Amino acid sequence: MTNIITTRDFKSNAKEALANKTLQKALTHVEAGFIGKRRLAMEALPEFDQLRDNARDIKNHTLANLDAYLEEYEEKVVASGGKVHWAADGEEACNQILDICRNVGARTVTKGKSMIAEEIGINDFLEKNDIEPVETDLGEYIIQLRGETPSHIIAPAVHVLKEQVEEDFRRVHDHLPVSRNLEEPESLLDEARKVLRAKFLNADVGITGANFLIAETGTSVIVTNEGNGDLTQIVPKVHIVLASIEKVTPTLDDVSQILRVLARSATGQEISVYTTFSTGPKRQGDVDGPEEYHVIILDNGRSNMIGSEFQDMLRCIRCGSCMNHCPVYHAVGGHAYGWVYPGPMGAVLTPSLMGVKDGGQLPNASTFCGRCEAVCPMRIPLPKMMRHWREREFEKHLNPASQRWGLNFWAFFAKRPRLYHLATSLGIPLLSLFGRRKGYFKYLPLASGWTKYRDLPAPETRTFQQQWAQREALKQGGAK
Amino acid sequence: MTSRDAILGRINTTLNRASEKSARQQAVKARLSKHPKGTIPARARLDKKAQLKLFCDQAEKVQTSIRRVKSYNGVPKAIADYLRDHNLPAGFCMGEDERLQNLPWEKARALEIKTGPSDGEDAVGVSHAFGGIAETGTLLLVSGKDNPTTINFLPETHVVVVRSRDIDGDYESLWSRLRKEYGTGKLPRTVNWITGPSRSGDIQQTILLGAHGPRSLHVIVVDA
Ligand code: SF4
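Residues numbered from 1 in each chain as written. Chains lettered and ligands numbered in written order. Predicted model: local features only at pLDDT ≥ 70, side-chain atom pairs only at ≥ 80, totals over all residues. Heavy atoms only, no water.

Caption draft 1: Layout of the overall build of chain A. Broken down by element type, chain A carries 22 helices and 12 strands. Across the 480 residues of chain A, 57% fall into the buried class. Considering only residue pairs separated by 6 or more positions, chain A has 72% of its internal contacts joining residues 24 or more positions apart. Just so you have it, chain A exposes about 20,000 Å², and 54% of that area is on carbon and sulfur atoms. (Helix = DSSP H or I, 4+ residues; strand = E, 2+ residues; numbered from the N terminus. Buried < 20%, exposed > 50% of the residue type's maximum accessible area, 1.4 Å probe, protein only. Contact = heavy atoms within 4.5 Å. Areas by Shrake-Rupley, 256 points an atom, 1.4 Å probe, with all protein chains shown as cover.)

Caption draft 2: Inspection of the sheet that holds strand β1 (residues 83-87) of chain A at higher detail. Residue and element names in this part refer to chain A. Ordered by their spatial adjacency, six strands build an open sheet running β1-β10-β7-β4-β2-β3, and the pairing between neighbours is parallel. Looking at which strands have only one partner, the edges of the open sheet turn out to be β1 and β3 (132-135). Averaged over all pairs of adjacent strands, the angle between strand axes in this sheet comes to 25 degrees, irrespective of strand direction. Both strand β7 (residues 238-244) and strand β10 (residues 292-298) contribute to a ladder of seven bridges, which runs parallel. The residue of β10 that forms the bridge with Leu242 is Ile296. Together, β1, β2 (108-111), β4 (205-208), β7 and β10 form the strand contacts of helix α5 (residues 90-103), whose direction differs from that of β10 by roughly 170 degrees. (Pairing = 2+ DSSP bridges. Axes fitted to C-alpha atoms, helices over the stretch in contact; angles between N-to-C directions.)

Caption draft 3: Examining the environment of Asp97(B) more closely. Residue and element names in this part refer to chain B. Along the polypeptide, Asp97 turns up in the loop between β2 (91-94) and α5 (98-101). The spatial distance from the C-alpha of Asp97 to the C-alpha of Glu156 is 21 Å, given a sequence separation of 59 residues. If sequence neighbours within four positions are ignored, Asp97 has contacts with His128, Asp146 and Asn147.

Caption draft 4: The arrangement of the nonpolar core in detail. The biggest cluster of nonpolar side chains holds 122 residues, and the ones touching the most others in it are Ile97(A), Met313(A), Tyr341(A) and Trp193(B). Element by element, the count of residues in this core is highest for helix α12 (residues 252-266) of chain A, at seven residues. If we skip the residues at most four places from it in the chain, Tyr341(A) touches Met115(A), Ile116(A), Glu119(A), Ile153(A), Arg302(A), Arg318(A), Gly346(A), Leu349(A), Thr350(A) and Leu353(A). Of all hydrophobic cores here, the second largest spans 42 residues; its members include Ala157(A), Ala192(A), Val160(B) and Ile167(B). (Core = buried A, V, L, I, M, F, W, Y, C linked by side-chain atoms within 4.5 Å.)

Caption draft 5: Examining the interface of chain A and chain B more closely. Contacts between chain A and chain B engage 103 residues on the former and 76 residues on the latter. Interface area, chain A with chain B, both sides summed: about 7,400 Å², of which 57% is carbon and sulfur. Our enumeration of links across chain A and chain B arrives at 13 salt bridges. Here Asp253(A) and Arg179(B) are joined by a salt bridge, their closest N and O atoms 2.6 Å apart. For the side of chain A that touches chain B, the element with the most residues is helix α10 (residues 185-202) of chain A, which contributes 11 residues. Where strand β9 (residues 274-278) of chain A lies against strand β9 (residues 190-194) of chain B, five bridges are found, and the strand directions are antiparallel. (Buried area = accessible area lost by both parts, 1.4 Å probe. Salt bridge = Lys/Arg side-chain N within 4 Å of Asp/Glu carboxyl O.)

Caption draft 6: The domain arrangement of chain B, seen in detail. Domain annotation for chain B reports domain 1 (1-34) and domain 2 (41-222). Each of domain 1 of chain B and domain 2 of chain B was reduced to a C-alpha centroid, and the two centroids are 41 Å apart. (Domains from an automatic or database assignment.)

Caption draft 7: Just the sheet that holds β9(B), in detail. In spatial order, the strands read β8(A)-β5(A)-β6(A)-β9(A)-β9(B)-β6(B)-β5(B)-β8(B); together these eight strands make up an open sheet with mixed pairing. The outermost strands of the open sheet, each flanked by one partner alone, are β8 (248-249) of chain A together with β8 (167-168) of chain B. In the sheet, strand β6 (residues 138-142) of chain B pairs with β9(B) via four bridges, with the strands oriented antiparallel. Note on β9(B): the bridge partner recorded for Val142(B) is Val191(B).

Structure representation (structure tokens):
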């Protein structure tokens, strides 16, 4: 596995990503696969924006009463025969999972898709302890074979082309005939289905994440399209749910409000194929289902976000819409972000969980175009929070000297309006003059970070402020 | 100090700056017992007949196939027809649900019926749904020996019988019914919302049916 954290190298990661042709080809599927579908789903539901407000309010209410909700939830899990384990960090969670597995002598563990499992690195940990973890979500399975981490929170293998999947399947499924045809995506899916079916039926423990934990009933909820999460939790003797503290949600009705915006924002479906509500172990008289039901509630830095300027981030339902609409993500993909959470949500969450020293590069990966906030179903002010992180990074002197020098240089002028006007009114016409013929620059000294990957449009002959002044003057004139 | 106490303690200390713990507990109890509904989309607030039509339309949009029959007595033939038309073996597994067990199976052509959960060897599974949700063409199934959950996921073909009167407009109506049936604050081990056959878009974002769960989902709506 390559669980090496490279959040500090965002810049060089991004550079490599931009030069990687295969990745660039794969990334075109993000825009094509998500944006239009989300818009159609949203337009088909006139109440969509009202539901977004409700979803935001439900989560705000929950976070404002989080201790009481967690206690209620725990009580209900215990009452239905389940067990709750509290984990302060990833290491504690890994050990709790290992203990449960060892208790039943587990050799193989099937896994439904869980970002928290990625966060705590459970696969590596289980392997080191001689337990085989098997990812069962098709995307997760593909990247597990490739020894990679997910590059998208709902489409983990979005960076992989089908030819690459074929290569990986041929390499790993070496018990199957070499002559088989794997050209079509259908044949790849079929093969994965057959190989994984055997794993489902032989697993001792199943680990799933949770989209929600419901305080009213002590229930965990998973949302999937493949059905892998269900086979993971219904076939083995033991079901372990891995969830973080902010997943708790008050009632079945509240969850239904949020579910109405989740799939629409994520994949553009009105609802995912499978939404599954699991409460405790199997009941007396049940003929299938797990004998043991464990919930690991992970903190890993989140309780410190309560009451901070980053609390709103805890409303996130991991729909992926912010990255689907992010121009930076479209350009560099998810791996450049260096850890498990990419895109705008990752740029805010990663420094919150890892600290600004390791994650502080990420909030800079933004053009502040505001699309992420515009599409976030939970109305999380992502750009504002990225700005908070930038400020903190600056305060702590963590950004590179050239950037600090540049900002100070700019600040010197910005604080002296007359000088600023003078400098820009001299500089802009010059740029305009040189760029006039083609309308853009292919190269500009001191700006190669920009011009290497895209052309810089040549400016208008006048500065923005000059144009604005003229516009206002015209308006005034017109109003008279 | 245990991690539980540390985590809850940290949250508690921060939240105490804004409110008292007892006030929070009261707010929580109130919401849990009142479980306010929120916004129900207009499309889900219809009369029974329109709901049924919407359910069928929405389900078909996500590749569920639908057959309507006048009474339970028509179910065996409807299932036999479906299996024959799709070149499927004349047999299936199902649970102990009496509404299914007591049907006049002998009237249809010879069907081999296995009672109990699925072990992964069954090509076809038959279940009875607790209800349906018109808003999105969703089925709601509950676990138990009557309708074991493995039947919903292991067979390649899943046939689900649902009564027309159990089809409601929205998810919330079914939660109310479940609260009545199982008691407040309680649920059966597994509640499945199922909306169409299994699918995946994980290879180049192209949607393909039949990832790990059933490739086909066939619903028989009984006018009862
Ligand atoms: S921040 Fe918003 S848009 Fe992004 S994943 Fe979370 S909920 Fe979705």
